[in-house]
Amino acid sequence: ECSMETVIGMDQSDKKSEICEMDFRTGEIISRTEVSNDGESLSSFFSRYSDPAKVMVAMEAGTHSPWISALLSDMGFNVLIGNPRKLKFIWKSDKKSDRRDAEMLARIARYDKELFYPISHKSRESQSVLAVIKARDALVKTRTMLINSVRGMLKSMGYKTSSCSAPAFAEKLIKEMPEEYSYALKETLDIIGQITQSIKGYDKKLTHLCKERYPETKILQQINGVGAVTSLAYILTIEDPQRFSKSRHVGCYLGLVPRRDQSGETDKDLGITKAGNGYLRALLVQCAQYILGPFGKDCELRRFGEKLASRGGKAAKKKAIIAVARKLSILLHRLWQDDATYEPFYQKTKRTMKKSA
């Protein structure tokens, strides 16, 4: 028998949360209210419940949900976090409002929490380290934007910059660029140089974190093309390899499998679902591009991708990259779970062992 007495739907905006309190057994609305999104206001409101173990709080994943859900969980409440991608019927409603959304969240949680496709936020430790990775990523994107801007301005002036890596761009261009352009672009190039130094600083931090706090990343870095950023992001996003009963489920979790729209005789060829963590998915795709690129070493992953890409056309190459990224996500999980040594030609070795047996 369910011990819940109250279910609360909580629709969060940037400054406040709309709260709908409902009787769990009857579905009757008890109260509606608004609470400011700060720790003191939320703690004060929820402290009115004498037995938080009998209260379910339902919310969608969002900007504030990580810290709010952690706060309420620490207070003893049963927190249910819904996947917004699966709750489209709420935010696509013809009569959408914060008040109505909070009520809908409460009613869905009361009826069947599986309809929420519940998710779990990362631990505070994982979030703090992921913040380092994301801060580095923001700097990389900013540097790329500034480099493209400088290249575009110089091109419009009739000067074409020579090709070089992003870290070397500022230093090289300051030496090569005609003096007449220095007046306009020197400060921008100085900023690009400063950003490059900051990125190097983050790289040192991540390398230190891998060695000192997350030594399991070394297992993942056995694969050519997987470095500190990808291996650490993978460990922190998955958190526990045992959460997946089969390694191939990781590909689904990260949205690297095709969507499906099948009805009767029709079964459409669709793109990937793009579910799960978009940043880790992008990192795995980058690794796949490296593996299939000119600097990638010969291995089963590379041969698998080349076979798919050989079908011809840009579409085939794109599909090959996604397929390699999916296989890479599965392989990383298997290596981590088994604490195994990476074999670039695992299947070939396996067949040889069978024959010799």
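Rules used in this analysis
Residues numbered from 1 in each chain as written. Predicted model: local features only at pLDDT ≥ 70, side-chain atom pairs only at ≥ 80, totals over all residues. Heavy atoms only, no water. Helix = DSSP H or I, 4+ residues; strand = E, 2+ residues; numbered from the N terminus. Contact = heavy atoms within 4.5 Å. Expected span 1.5 Å × (residues − 1). Buried < 20%, exposed > 50% of the residue type's maximum accessible area, 1.4 Å probe, protein only. Polar contact = N/O pair within 3.5 Å; in protein donor to acceptor, adjacent residues only side chain to side chain. Salt bridge = Lys/Arg side-chain N within 4 Å of Asp/Glu carboxyl O. Axes fitted to C-alpha atoms, helices over the stretch in contact; angles between N-to-C directions. Parallel < 35°, antiparallel > 145°, perpendicular 65-115°, else oblique. Nonpolar A, V, L, I, M, F, W, Y, C, P; charged D, E, K, R; others polar. Core = buried A, V, L, I, M, F, W, Y, C linked by side-chain atoms within 4.5 Å.

A. The arrangement of the environment of Cys164 in detail. By the element assignment, Cys164 lies in the loop between helix H5 (124–156) and helix H6 (166–176). Cys164 has contacts with Arg151, Phe169 and Lys172, leaving out every residue within four places of it along the chain.

B. Region of interest: helix H4 (residues 98–111). Helix length check: H4 (14 residues) gives 20 Å between terminal C-alpha atoms against 20 Å at 1.5 Å per residue, within 8%. Those residues of H4 lying buried are Asp101, Ala102, Glu103, Leu105, Ala106, Ile108 and Ala109.

C. Main features of the side chain of Ser65. With respect to the secondary-structure elements, Ser65 resides in helix H2 (residues 65–74). With relative accessibility at 0%, the residue Ser65 sits in the buried group. Reaching out from Ser65, the side chain makes a polar contact with the side chain of His121 at a distance of 2.8 Å. Excluding residues within four positions of it along the chain, Ser65 makes contact with Gln12, Met59, Glu60 and His121.

D. Representation of the pattern of salt bridges in the model. Enumeration according to the criterion identifies 15 salt bridges in this entry. Between Arg302 and Glu306 there is a salt bridge, and its shortest N-O distance comes to 3.1 Å. Here Glu306 and Arg302 lie together in helix H12 (residues 300–309), a separation of four residues that amounts to about one turn. Look at Glu306 and you get partly exposed, because its relative accessible area is 36%. When salt bridges that share partners are traced, they join Glu5, Asp51 and Lys54 into one network.

E. Expanded view of the packing of helix H11 (residues 278–292) against helix H13 (residues 313–338). Here H11 crosses H13 at 110 degrees, and the two axes come no closer than 8 Å. By the criterion of interaxial angle, the relationship of H11 to H13 is roughly perpendicular. Only Ala320, Ile321, Ile322, Val324, Ala325, Leu328, Ser329 and Leu332 of H13 make contact with H11, whose side of the interface consists of Leu284, Val285, Cys287, Ala288, Gln289, Ile291 and Leu292. Looking at the contact of H11 with H13 residue by residue, the classes come out as 13 nonpolar, two polar and no charged.

F. Seen up close, the nonpolar core. Counting residues in each nonpolar core, the largest one holds 41 residues, and the members touching the most others are Ile133, Leu232, Tyr234, Leu284, Leu328 and Leu332. When residues of this core are traced back to their parent elements, those giving at least two are H5, helix H7 (179–212), helix H8 (217–220), helix H9 (228–238), H11 and H13. For this core, the leading source of residues is H11, giving eight residues. The contacts of Ile133, once residues within four sequence positions are left out, are Leu206, Val229, Leu232, Ala233, Leu236 and Tyr279.

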